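One letter stands for each residue in the lines below.
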Amino acid sequence: MESQQRSPLLEVKRNIELKTPLVKGPSRLPLPGSRLKRGPDQMEDVLEPAKKRTRGVGATTKIDTSRSRAPPITTVPQTQGHTAVQKVPKKTGPRCSTAITAVLKNQKSVPSVPAQKPGSTAAPPMVGGKKPSKRPPWDLKGQLCDLNAELKRCREKTQTLDQENQQLREQLKESQQQAKALGTERSTLEGELTRVRAQAEQGQEQLGNLSARVLELEERLGTQEGLVQVLQKEQLELQEERRGLTTRLEEQERRLQASEAALSSSQAKVASLQQEAAAQAALLAERGDRLHGLEMERRRLHNQLQELKGNIRVFCRVRPVLAGEPTPSPGFLLFPSGPGGPTDPPTRLSLFRSDDRRATLSGAPASTTRHDFSFDRVFPPGSRQDEVFEEIAMLVQSALDGYPVCIFAYGQTGSGKTFTMEGGPGGDPQLEGLIPRALRHLFSVAQDLNGQGWTYSFVASYVEIYNETVRDLLATGTRKGQGGECEIRRAGPGSEELTVTNARYVPVSCEKEVETLLHLARQNRAVARTAQNERSSRSHSVFQLQISGEHAARGLQCVAPLNLVDLAGSERLDPGLALGPGERDRLRETQAINSSLSTLGLVIMALSNKESHVPYRNSKLTYLLQNSLGGSAKMLMFVNISPLEENVSESLNSLRFASKVRLPPSPGPVRTPWLVVGISIPTSSLCLRGGDIYQKNWFTFARHLAKHYLPGFFWGVGTVG
C-alpha cells in the first residue's frame, strides 16, 4: 500500500524536474475564476513610465500544508519585471505533506529577472547565447513585436502549467483518498492493538493469579504431606494406646463386676437417704413458715415498740452557730443529762431568757427566767446527721413494714429545717439529710427481704404547698410553674388513697435517681429573702414515697406511704412592718403559713385526744397527709431552734408548740392554756386567761382569731412557763 501511495508523489517530482523554469519574464496569468486585467490591446500602456512602475521579475513557489482541503493552484499576476507566485494546496495526512515538501525542496529555484526601469523597452531574445542588441527608443514597432512574441511564449507556458496543475490536483486528490483510507485503517489497527493489549494485560494478570495459586497449592501440598506424616505417627501411637486401653478395659470389667455388687448395697442406702431428704425438705418448709412467722412477729413487735414510744413523738434539734454569727452567752442553752446519767442521750432542754421589759419599767436589773422543756430526744448543736438518722431508722423501717409514717421539720426560718431534711450543699456524704439516708436504708432492707420472697417497688413525688396552692416540684419544661393546676383528689371511687392531679410520680430504685429529684425540687421551690435568711422557704415541701411490697408465694401485700415534710418558717408577723409591695406578699405568705401550722396543731391535738372529728380539710397540708396522721400511722416532729439570743422569742414559741404536740391526751378540762393577743400598738397589750374550757374549744377560738384578726394582730399560743 505504501508503494501505491508513493508512486504518484514520485511522478509529480519527476514531472517538476523535467520542466523548465515557470516564468522568464513578466507574468500576465489570470487568477482562477477572474478575468485578465490587461489584454494585448493594452500593452502600450505598459510602456508609459508615468502610469505604472515596473517591478522586478522573480518566481516563487509556495506550498501550504496547514489546511485539510486543497484549493486550486492560482498564479498571481505580476507587473512587468516579476514572475508569478504559485500556491500549492494543503494535503491531508502526514505522509502526503512530507512527500510534497521533499519534491519542492528538490526543485531548483528560478533566477529572478532584474526589473526594468520605467519607460524602457523589453530586451530582445538572445540569439546564439549572445545578448541581442537593444532596440532604439524610436523603434516602437519592433518593441511591440518583441512583446507579442514574449506574450505568445508566456501563453504556451501557461497552458503547459495548467495541464501540469490539473495532473497535480488529480494526483493530490488520489493521495488524499489514500491518506483517508490509511487513516481509517490506522484507527482500526489502533483499536485492534488496544484490544490485543488489554487481552495481553488480562492474560498477564490471569497468569500471575495462576502462578500465585500454583504456589499456594504447592505450599498446601507440602503442609498436607507434613500433616499426613504427623497423622501416621499419631496413628501408630493410638494403636499402641488402644492395646493399652484394651488391657485396662479388661481390668475395668473385672472391677465393674465388683462394683455392681457394691451398687446393690448402695441403692438400699440411697433409698434411706431419700427418705431423709424428704424429711429435711419438710423441715425446711416448716422452718420457712416459722421464719415467716418470726418476720411477721418482728413486724408486730416492732410496731408495738414504736407505739410504746408513742405514735406522736417530738425531737428537738439545736443548730450550731454559723460563721459570722455572734456567740451566745454561756448558760443560754443547757442540755441536762438523760434519765440514765451522762451516758444517756439528753431528752431535756433549758433556755434562759432575761426580761428586758421589767428592767425598763422598774429600773432594776433584768431578771433571768428559765424555761424547761422535755422531749423524746434532744440533739445539741454538735450532733451529726448520722446520729439524727439513727434515731429515726426504726421509724423508717415501720414504713417498709406497711405502716404510714410522717416526719415533720418545724421551726423558724434559718433554724436548719431544710438541712435536717435534705442535707447540706456540695454532695458531702457526711451532710446528707433524712430524705437520702431514709431512701438508702429502704433500698438496702428491701434487698435483704428479697431473699425471703418479698419484692418492693418505690414511687416518689415531691410537691409544695404555697399560699394554699399545691405545686409540683418535679415539673419540667412547659409544666414548670403550673402548680395551680394540681389538686388533691381521691384515687378512685370509694378509695381512701389521695393523689395530686397533674403531679409527677416517679419510680425510683437507686440513690442516684433520688439525688436527681432532690436537685430538681430545690430549683423549683418557692423561696424569698427575709430578715432571718437570704433564701427562706416560703412553702411547705412534702416528699412522698409510696412503698408497695408483695410476697407472691404467700399472697401477701403491704402498701404504706413515707412522708418527709419540710414546713415553712413559723416566725410571727412583725408588728412594725411597713406594708410595701414586697411586704404585702410576705404578709400573705406568713398568713397562709401560720394558718396551716395552726391547723396542723389542731389536727395533732384532735388525734391525741381521739376526738371524733379531726379538721383535716381546714388546710391543704393536713388534707394531703390525713392518711399518714391518724390510725396506726407514726408521726415524728423535729422542732428546730436557733442558738442565737436574738431569736429567743421565736425559739420559745417553737418549743412551746412542740411541747403541746407531745402532750398526752387529757381526760378532763384543761386550766393551763393561755391566749396572748398583742395589739399592733407598741404600748398596749391585752392578756386573756381561758377558764374551764376544753382544748378543742380553745383552739377553735384561737383559729377564729387567726382567721379574722391576723392582718392587724400577731398572736402566739403557749403555756405559762
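Scope of this entry: the structure provided in the associated data block. Sequence order as written defines the numbering, with residues in each chain counted from 1. Owing to the predicted nature of the model, reporting of local features is limited to residues with pLDDT of at least 70; listing and counting of side-chain atom pairs is limited to 80 or more, with chain, interface and lining totals taken over all residues. Computation of side-chain values covers all heavy atoms of the structure but excludes hydrogens and water.

Side note on the nonpolar core
Worth spelling out the cut-off: By nonpolar core is meant a set of buried Ala, Val, Leu, Ile, Met, Phe, Trp, Tyr and Cys residues that side-chain atoms within 4.5 Å join together. When a residue's accessible area, from a 1.4 Å probe over protein chains only, is under 20% of the maximum for its type it is buried; when over 50% it is exposed; and in between it is partly exposed. In this description a helix means any DSSP run of H or I spanning at least four residues, a strand means any run of E spanning at least two, and both kinds are numbered starting from the N terminus. Whether two residues are in contact is decided by their heavy atoms, any of which lying within 4.5 Å being enough.
Within the largest apolar cluster, 49 residues are counted, with the highest numbers of intra-cluster contacts made by Phe408, Leu629 and Met637. The element best represented in this core is helix α9 (residues 581–608), accounting for seven residues. Apart from residues no more than four positions distant in its own chain, Phe408 is found in contact with Met421, Val565, Leu567, Leu600, Leu625, Leu629, Met635, Leu636, Met637 and Phe638. Counting 45 residues, the second largest nonpolar core, distinct from the first, contains Trp454, Tyr462, Ile547 and Leu562.

A word on the side chain of Gln626
Inspection of the secondary structure puts Gln626 in the loop between α10 (620–624) and β18 (634–641). We classify Gln626 as buried; its relative accessible area is 14%. Discounting chain neighbours no more than four positions away, the residues touching Gln626 are Arg490, Leu498 and Tyr616.

Description of the sheet that holds strand β4 (residues 333–334)
Put simply, the rule is: Strand pairing is assigned whenever DSSP detects at least two bridges linking the two strands. Lines fitted to the C-alpha atoms define the axes, with helices restricted to the stretch that makes contact. Angles between their N-to-C directions range from 0 to 180 degrees.
Strand order in the open sheet made by the three strands is β4-β5-β6, with antiparallel pairing throughout. At either end of the open sheet lies a strand with only one pairing partner, and these are β4 and β6 (368–374). Sheet topology note: the strand β5 (residues 348–354)/β6 ladder contains seven bridges and is antiparallel. Within the sheet, the bridge partner assigned to Ser354 lies in β6 and is Thr368. Of the strands in this sheet, β5 and β6 touch helix α11 (residues 648–662), which is tilted by about 145 degrees from β5.

Some words on the packing of aromatic side chains
Quick note on the threshold: Classification of ring pairs rests on two measures: the distance between centres of Phe, Tyr or Trp rings, Trp counted by its six-membered ring, which must be within 6.5 Å, and the angle between planes, read as stacked under 30 degrees, edge-to-face over 60 and tilted in between.
Taken as a whole and judged by the stated rule, the model has eight aromatic pairs. Seen in terms of ring centroids, Phe315 and Phe638 are 5.5 Å apart; in terms of plane orientation they differ by 85 degrees. Their pairing is edge-to-face. Highlighted residues: Phe315 in strand β3 (residues 312–318) and Phe638 in strand β18, separated in sequence by 323 residues. Of the residues examined, Phe638 reaches a relative accessible area of 0% and is grouped as buried. Note on Tyr410 and Phe657: the rings are 4.6 Å apart at their centroids and 25 degrees apart in plane angle, and the pair reads as stacked. With Tyr410 in strand β8 (residues 405–411) and Phe657 in helix α11, the pair connects residues that are 247 residues apart, well separated along the chain. Taking relative accessible area as the criterion, Tyr410 reaches 6% and is therefore assigned buried. Among the residues examined, Phe657 registers a relative accessible area of 17% and is labelled buried.

Digging into the pairing of β8
With seven of its seven residues buried, β8 lies for the most part within the structure. The two faces of β8 match: Val405, Ile407, Ala409 and Gly411 on one face and Cys406, Phe408 and Tyr410 on the other face are all buried. Judged from the five bridges that link them, β8 and strand β17 (residues 556–566) form a sheet pairing that is parallel. In the sheet register, Ala409 faces β17, and the bridge partner there is Asp566.

Description of the environment of Gly631
Along the chain, Gly631 falls in the loop between α10 and β18. Considering only alpha carbons, one finds Gly631 and Pro404, 227 residues apart in sequence, at a separation of 9.1 Å.

Let's talk about the packing of helix α5 (residues 385–400) against helix α7 (residues 434–449)
Applicable threshold: Oblique is the label for every angle not falling under 35 degrees (roughly parallel), over 145 degrees (roughly antiparallel), or within 65 to 115 degrees (roughly perpendicular). Should the near helix be turned counterclockwise from the far one by less than a right angle, the crossing is left-handed, whereas a clockwise turn marks it as right-handed. Under the scheme applied here, ten amino acids are nonpolar (Ala, Val, Leu, Ile, Met, Phe, Trp, Tyr, Cys and Pro), four are charged (Asp, Glu, Lys and Arg), and all others, including Gly, are polar.
Interhelical geometry of α5 versus α7 gives an angle of 50 degrees and a closest axis separation of 9 Å. By the criterion of interaxial angle, the relationship of α5 to α7 is oblique. For the crossing formed where α5 meets α7, the hand is right-handed. Between α5, through Gln385, Asp386, Val388, Phe389, Ile392, Ala393, Val396, Gln397 and Leu400, and α7, the contact on the second element is made entirely by Leu434, Arg437, Ala438, His441, Leu442, Val445, Ala446 and Leu449. Grouping the constituent residues of the contact of α5 with α7 by class yields twelve nonpolar, three polar and two charged.

Things to note about α11
Keep this limit in mind: The span expected for a helix works out to 1.5 Å for each residue beyond the first.
Along its 15 residues, α11 runs 21 Å from first to last C-alpha, staying within 8% of the 21 Å computed at 1.5 Å per residue. Burial of α11 is extensive: twelve of the 15 residues sit out of reach of the surface. Residues Val648, Glu650, Ser651, Leu652, Asn653, Ser654, Leu655, Arg656, Phe657, Ala658, Lys660 and Val661 constitute the buried set of α11.

By themselves, these observations are geometric and do not establish any function.
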